[in-house]
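Topology and contacts: notes
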Amino acid sequence: MPISSIAFGHHSEASKPDALKAALAEFISVLIFVFAGEGSGMAFNKLTDDGSTTPAGLVAAALAHAFALFVAVSVGANISGGHVNPAVTFGAFIGGHITFVRTILYWIAQLAGSVVACLLLKFSTGGLTTSAFSLSSGVTVWNAVVFEIVMTFGLVYTVYATAVDPKKGNIGIIAPVAIGFIVGANILAGGAFDGASMNPAVSFGPAVVSWTWTNHWVYWVGPLAGAGIAAVIYEVIFNTNTHEQLPTADF
């Protein structure tokens, strides 16, 4: 059961070598992900004169984020679990799979990785803007919150089903692919409305570097709420023995 299994942990955990290595892995994974994802949008704008807002730009962003997240999750999986997202970390905490102390450590590393990635992009592109996430015309903040809740729910539910569930078996091998695919698909669904963040770190880096905070809270409230709902539903309903083992004679 979630909630009852939530653990605070001891403050000394933050200084243990394995926790620090895991945080460093999260920093590097988020840096890789944000540099490729945000950079793809900047490159498309440069090549097509602000073409990232076109259908082709949306498809390019979806592909770039899906590929980059596949890699970022894969390279961090054996060290930190490959969260690459404060919302995923929050979902793991709600499900009792990570302590509060390590959650905060991961969040700091993830946010720092995003900021560094955006600073590197700004420097290496000669000062081009790392655009902060924003709402499209006609989209209210509550429209965007619902979008972020639903999209992040899908993401974290996928993480639980393919990477966290102890019954996952061989399906765990494709976890990074499934996680990358759901993010790419969600960008195609929600990118034209609110940018389809699903990840507070992805929103935080560009906001810091461009110093643009309009409606930034949407990209925290929505993803964290969606992640928490997914974690509770999966832990309460599905993270149990849901099928009977067949007798050996039936094989």
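Residues numbered from 1 in each chain as written. Predicted model: local features only at pLDDT ≥ 70, side-chain atom pairs only at ≥ 80, totals over all residues. Heavy atoms only, no water.

For the chain, the name recorded in an unreviewed UniProt entry is Tonoplast intrinsic protein, with Kalanchoe fedtschenkoi as its organism. Quoted verbatim from the Subcellular location (unreviewed entry) field of the UniProt record, the comment on the chain reads "Membrane". According to its UniProt record, the chain has this under Sequence similarities (unreviewed entry): "Belongs to the MIP/aquaporin (TC 1.A.8) family. TIP (TC 1.A.8.10) subfamily." (UniProt positions renumbered as here; feature names shortened; annotations may be inferred.)

Right, let's talk about the packing of aromatic side chains for a bit. Tallied over the full model, the rule gives 13 aromatic pairs. When the centroid spacing of 6.1 Å and the interplanar angle of 90 degrees are considered together, the rings of Y157 and F238 count as edge-to-face. Taken together, the residues Y157 in helix α5 (residues 141-164) and F238 in helix α8 (residues 218-238) connect sequence positions 81 residues apart. Here Y157 falls in the partly exposed class, since its relative accessible area comes to 27%. (Phe/Tyr/Trp six-rings, centres within 6.5 Å; stacked < 30°, edge-to-face > 60°. Helix = DSSP H or I, 4+ residues; strand = E, 2+ residues; numbered from the N terminus. Buried < 20%, exposed > 50% of the residue type's maximum accessible area, 1.4 Å probe, protein only.)

Interhelical geometry of helix α7 (residues 200-210) versus α8 gives an angle of 170 degrees and a closest axis separation of 9 Å. Between α7 and α8, the angle is such that the two are roughly antiparallel. Seen from α7, the contacting residues are P200, S203 and F204; seen from α8, they are Y219, W220 and P223. Residues of the contact of α7 with α8, tallied by class, amount to five nonpolar, one polar and no charged. (Axes fitted to C-alpha atoms, helices over the stretch in contact; angles between N-to-C directions. Parallel < 35°, antiparallel > 145°, perpendicular 65-115°, else oblique. Contact = heavy atoms within 4.5 Å. Nonpolar A, V, L, I, M, F, W, Y, C, P; charged D, E, K, R; others polar.)

Of note in this structure, V84 is not a glycine but carries a positive phi near 55 degrees. Within the fold, V84 resides in the loop between α2 (55-76) and α3 (86-94). A relative accessible area of 0% means that V84 is categorised as buried. Notably, N215 is not glycine yet its phi reads approximately 55 degrees, a positive angle. Position of N215 relative to the elements: it lies in the loop between α7 and α8. Overall, N215 belongs to the partly exposed group, its relative accessible area being 26%.

With numbering matched to this structure, UniProt assigns "transmembrane region" (unreviewed entry) to residues 22-44, 56-75, 87-108, 115-135, 141-160, 172-193 and 217-237. The span residues 56-75 is 100% helix and 0% strand, and its two end C-alpha atoms sit 29 Å from each other. Helix makes up 77% of residues 87-108 and strand 0%, and the two end C-alpha atoms of the span are 13 Å apart.

In this model, the chain carries an average pLDDT of 90, and 92% of its residues clear a pLDDT of 70 or more. Looking at the elements of the chain, mean pLDDT is at its lowest for helix α1 (residues 17-48), recorded as 92, and at its highest for helix α4 (residues 100-124), recorded as 97. Note on residues 242-251: pLDDT is under 50 here. Beyond four places in sequence and across chains, it has five contacts. (pLDDT = per-residue confidence, 0-100.)

Below, the discussion takes up the environment of S114. Residue placement: S114 occurs in helix α4. Look at S114 and you get buried, because its relative accessible area is 0%. Sequence separation between S114 and L188 is 74 residues, and the spatial gap between their C-alpha atoms is 22 Å. Residues within four places of S114 in sequence aside, it is in contact with V30, V34, A201, V202, F204, G205 and P206. Among the polar contacts listed, one links the side chain of S114 to the backbone oxygen of A201, at a separation of 2.6 Å. (Polar contact = N/O pair within 3.5 Å; in protein donor to acceptor, adjacent residues only side chain to side chain.)

Among the nonpolar cores identified, the biggest contains 48 residues, and F33, L69, V84, L155, I187 and M198 are the most heavily contacted of them. Among the secondary structure elements, those contributing two or more residues to this core are α1, α2, α3, α4, α5, α6 (175-194), α7 and α8. Those residues within four positions of I187 in sequence are excluded, and the remaining contacts are L58, A61, A62, H65, A196 and M198. (Core = buried A, V, L, I, M, F, W, Y, C linked by side-chain atoms within 4.5 Å.)

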